[in-house]
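Chain residues, written in single-letter form:
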Amino acid sequence: MPRPSGSSSWTPGPSTPRPGALSTFGGRLPEHAKTANQLLGRCAVGCEGTHGVFPKCNLTCSPCYHSADANKVRIDGDHTVDNVARQMDFLRQVRGPRAHAQLIGGEVSLLSAEDHARSLLAMRAVGREPMSMTHGDFDYDYLLDVVLDADGKPRFDKVSFAAHFDSLMRGRRGAVRPHSEAELNPFREKFASMFVDLKRDHGVGSYLAHNMTVTPSNVAEVEQVTRDVLEMPFDMMSFQPAAFIGDDRRWREDFGEVTIDAVWEKIEAGAGQKLPWQATQFGDPRCNRSTVGVRVAGTFAPLLDPEDPKDIAARDRFLEHFGGMIFGGIPKHILAIKVVRAVASHPGDVPPLIGLMSRVVRRAGGIGRVLRAARKKKVSFKTFVIHNFMDAEQVAPAWKLMEEGVVADDPLLRETQERLGSCMYAMSHPEDGRLVPACVQHSVLDPIENVELRRILPLPTVRPGAIVTARPSGLTAVRETGGGAR
């Protein structure tokens with residue numbers, strides 16, 4: 001697949017598609033992003049995230065994408081739930097009835113379990129598929145209190161969590177200052193095992209993502225992290241090369257030394273094979289890279305091979321005939337009827353689909369190997385992702401020009417505008433009717449928002465020697481910080 005190239009015909013500006021109009025959303029992408037492999041506007045509107053709902057975190061990281069004021073804002077459950085509901089409702093209005101959305105701020109487990117659950121329910125109420133973003137340093141009892149109601153019955157059939165683990169994080173219980181990524185493996189395993197137990201004990205499924213920030217200090221360890229985490233029950237492995245965003249007091253290295261290509265090569269080395277990604281694209285390839293496939297007894301078989309014309313033809317058929325269909329959040333019997341009707345309308349799609357499935361099986365080693373691995377529970381779907389964020393130094397002036405409708409003359413700012421214009425990750429501002437890319441939120445808007453949040457949600461005044469609880473309310477026992485040992 002050829003790499004997308006730039007186009008001088010693009011006029012930048014914030015993109016706000018009409019409800020349910022995938023084609024409208026795709027039409028507002030910059031020309032360089034309108035490639036044959038582009039999924040935005042054809043079968044997805046991209047991901048969504050919350051902001052300004054709980055900026056506080058109880059770990060310190062270098063780098064940290066939160067502004068210097070983030071930890072000076074009180075966690076308040078009602079504020080969180082109200083703002084999550086407003087932001088998600090606006091996203092539904094402008095982006096349609098279904099999307100994947102991240103419940104993100106500081107650390108989600110600082111919310112009480114009840115407020116965490118209320119936030120997830122508010123997101124689901126407007127068709128969002130929520131993923132809770134966490135550092136993973138919480139206990140099984142907290143997870144149960146989020147998932148189960150007061151009667152011990154599941155509130156959800158399935159939950160999604162993304163846990164961030166890397167050696168740049170400080171303050172994790174049992175690994176306050178890790179010296180290597182390998183030191184964190186027991187914590188990665190413990191986190192993932194909680195969701196295995198959740199399924200066993202209560203029948204609640206899960207989707208788990210493993211996140212890792214990459215800098216010059218740990219890029220050499222990405223290979224081993226990939227190798228290790230592949231053996232754990234994570235569904236996605238996501239890596240983020242560090243950018244100069246957020247609290248500049250925690251910038252310790254030259255992040256520009258780590259490129260998206262270098263990180264992908266390390267991931268491939270850990271996987272023990274090439275991981276082709278060019279068959280599909282979300283947004284700009286300078287920002288995002290991903291591949292999905294099935295792992296069979298240690299072998300990863302990608303669903304699409306960009307070098308196979310039959311795979312690409314099958315992809316194009318699917319996008320043309322099924323791209324606008326909604327598969328999530330629909331009762332299984334209704335979904336089955338929709339699929340049968342769609343296939344009946346396009347019977348010519350069946351042979352290419354069967355052919356694609358057979359090629360995936362062949363890439364996995366053949367039907368015999370797949371069946372043997374399945375009996376040993378060694379078959380699983382895996383996704384590999386890189387999100388490559390941009391430095392605030394470029395984002396701020398590029399965004400200012402975009403809001404003015406001006407195409408930058410400076411090549412670096414022009415590139416930044418192109419990437420912002422094709423962003424796959426939106427954050428909602430119902431107060432002024434805007435959607436903004438995540439890089440803009442963190443680089444430009446978070447510092448301003450957190451100053452205001454300090455005013456409306458000030459930290460409580462604490463007398464010397466008093467003990468402050470990390471969770472102000474909820475069903476689980478609080479974890480104490482300050483005034484006593486952890």
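Residues numbered from 1 in each chain as written. Predicted model: local features only at pLDDT ≥ 70, side-chain atom pairs only at ≥ 80, totals over all residues. Heavy atoms only, no water.

Some details on the pattern of salt bridges
Heads up, the condition is: Should a side-chain nitrogen of Lys or Arg be within 4 Å of a carboxyl oxygen of Asp or Glu, the pair is scored as a salt bridge. Only DSSP runs of H or I reaching four residues or more are called helices, and only runs of E reaching two or more are called strands; each is numbered from the N terminus. Per-residue accessibility, obtained with a 1.4 Å probe over protein chains only, is compared with the maximum for each type, and a residue is labelled buried under 20%, exposed over 50%, and partly exposed between these values.
As enumerated under the stated definition, the model contains 33 salt bridges in all. The partner of Arg-155 in a salt bridge is Glu-114, and the shortest N-O contact between them spans 3.0 Å. Taken together, the residues Arg-155 in the loop between helix 4 (140-147) and strand 5 (158-164) and Glu-114 in helix 3 (residues 113-125) connect sequence positions 41 residues apart. Owing to a relative accessible area of 31%, Glu-114 belongs among the partly exposed residues under this scheme. Asp-349 serves as the salt-bridge partner of Arg-317, at 2.5 Å between the closest nitrogen and oxygen. Of the two residues, Arg-317 is situated in helix 8 (residues 309-322) and Asp-349 in the loop between helix 9 (332-345) and helix 10 (350-363); the sequence distance between them amounts to 32 residues. Overall, the relative accessible area of 8% leaves Asp-349 in the buried class. In this structure, a network of salt bridges that share partners links the residues Asp-284, Arg-286, Arg-414 and Glu-418.

Some thoughts on the packing of aromatic side chains
This is how the line gets drawn: Only centres within 6.5 Å qualify two rings of Phe, Tyr or Trp (six-membered ring in Trp) as a pair; their planes then separate them into stacked at under 30 degrees, edge-to-face at over 60, and tilted for everything else.
Going through the model one piece at a time under the given rule, you end up with 9 aromatic pairs. Ring geometry for Phe-161 and Phe-195: centres 5.2 Å apart, planes at 50°, overall tilted. Highlighted residues: Phe-161 in strand 5 and Phe-195 in helix 5 (residues 185-202), separated in sequence by 34 residues. According to the relative accessible area criterion, Phe-161 is buried, its value standing at 1%. By way of ring pairs, the aromatic residues Phe-138, Tyr-142, Phe-161, Phe-165, Phe-191, Phe-195 and Phe-234 are connected into one cluster.

Describing the sheet that holds strand 12 (residues 425-429)
By way of backbone hydrogen bonds, the strands of a sheet pair with one another, either parallel or antiparallel. For the record, the criterion: Paired strands are those between which DSSP finds at least two bridges. Only the contacting stretch of a helix is used when fitting its axis, a line to C-alpha atoms as for every element, and angles between N-to-C directions run 0 to 180 degrees. Any pair of residues with heavy atoms lying within 4.5 Å of one another is described as a contacting pair.
What the 11 strands build is an open sheet, ordered 10-9-11-8-7-5-4-3-1-12-13; its pairing is mixed. With partners counted over all chains shown, the strands left at the sheet margins are strand 10 (299-302) and strand 13 (434-437), one partner each. For this sheet the average axis-to-axis angle between neighbouring strands, irrespective of direction, equals 30°. In this structure, strand 3 (residues 99-103) lies alongside strand 4 (residues 128-134), joined through 5 bridges in parallel fashion. In the sheet register, Leu-103 faces strand 4, and the bridge partner there is Ser-132. Each of strand 3, strand 4 and strand 5 touches helix 3; the most contacted strand, strand 4, lies at about 150° to it.

A word on the pairing of strand 10
Residues in a regular strand point their side chains to alternate faces of the sheet. Here strand 9 (residues 288-296) runs beside strand 10; their pairing, made up of 4 bridges, is antiparallel. Bridge pairing links Arg-295 to Phe-300 in strand 10. The hairpin turn running from strand 9 into strand 10, its antiparallel successor, is 2 residues long, and Ala-297 in that turn takes a positive phi close to 50°.

Structural notes on the layout of surface pockets
Rule in force here: Here the term cavity refers to a set of points on a 1 Å grid, laid over the protein atoms alone, in which a 1.4 Å probe fits but cannot get out; the term pocket refers to an open set having protein on both sides within 12 Å along at least five of seven lines, with lining residues being those that place an atom within 4 Å of a point. Grid points are joined across faces, edges and corners, and a volume is the space filled by probe spheres set on the points.
Approximately 670 Å³ is the volume attributed to the second largest pocket. Lining the second largest pocket are 22 residues; nearest its centre among them are Pro-233, Asp-235, Val-379, Ser-380 and Lys-382. Put simply, the parts of the chain that give the lining of the second largest pocket at least two residues each are helix 5, strand 7 (205-214) and strand 11 (379-387).

A few points about the environment of Val-94
Position of Val-94 among the secondary structure elements: in helix 2 (residues 77-95). Judged by relative accessible area, which is 9%, Val-94 ranks as buried. Considered as a pair, Val-94 and Gly-433 are 339 residues apart in the sequence and their alpha carbons are 9.3 Å apart.

What to know about unusual backbone geometry
Pro-63 follows Ser-62 through a cis peptide bond whose omega is 10°. Locating Pro-63 in the fold gives a position in the loop between strand 2 (60-61) and helix 2. Even without being a glycine, Ala-297 presents a positive backbone phi close to 50°. Along the chain, Ala-297 falls in the loop between strand 9 and strand 10. A relative accessible area of 40% places Ala-297 in the partly exposed class. The residue Lys-377 is not glycine, and still its phi comes out positive at about 55°. With respect to the helices and strands, Lys-377 occurs in the loop between helix 11 (367-375) and strand 11.

Let's talk about the confidence of the model for the protein
Our working rule: In predicted models, pLDDT denotes the confidence assigned by the predictor to each residue on a 0 to 100 scale.
Taken over all residues, the pLDDT of the protein has a mean of 88, while the share at 70 or more is 88%. Taken together, the stretch residues 1-21 has pLDDT below 50 and engages in 57 contacts with residues farther than four places along the chain or on a different chain. Contacts for the low-pLDDT stretch residues 468-486, under 50 throughout, to residues beyond four places or in other chains number 44 contacts.

Quick word on the environment of Gly-283
Structurally, Gly-283 is set in the loop between helix 7 (260-271) and strand 9. Classification of Gly-283 by relative accessible area gives buried; the value is 1%. In this structure, the C-alpha to C-alpha distance between Gly-283 and Leu-29, residues 254 residues apart in sequence, is 8.4 Å. With near-sequence residues (within four places) excluded, Gly-283 lies in contact with Ala-33, Gln-38, Leu-40 and Ser-422.

Notes on the side chain of Thr-50
The cut-off we apply is this: Two N or O atoms form a polar contact when they lie within 3.5 Å of each other; inside protein one atom must be a possible hydrogen donor and the other a possible acceptor, and for residues adjacent in sequence the pair counts only when both atoms belong to side chains.
Within the secondary structure, Thr-50 is located in the loop between strand 1 (47-49) and strand 2. Residue class for Thr-50 comes out buried when judged on its relative accessible area of 2%. Among the polar contacts listed, one links the side chain of Thr-50 to the backbone oxygen of Ile-104, at a separation of 2.6 Å. When sequence neighbours within four positions are dropped, the list of residues in contact with Thr-50 reads Val-84, Gln-87, Met-88, Gln-102, Leu-103, Ile-104 and Met-427.

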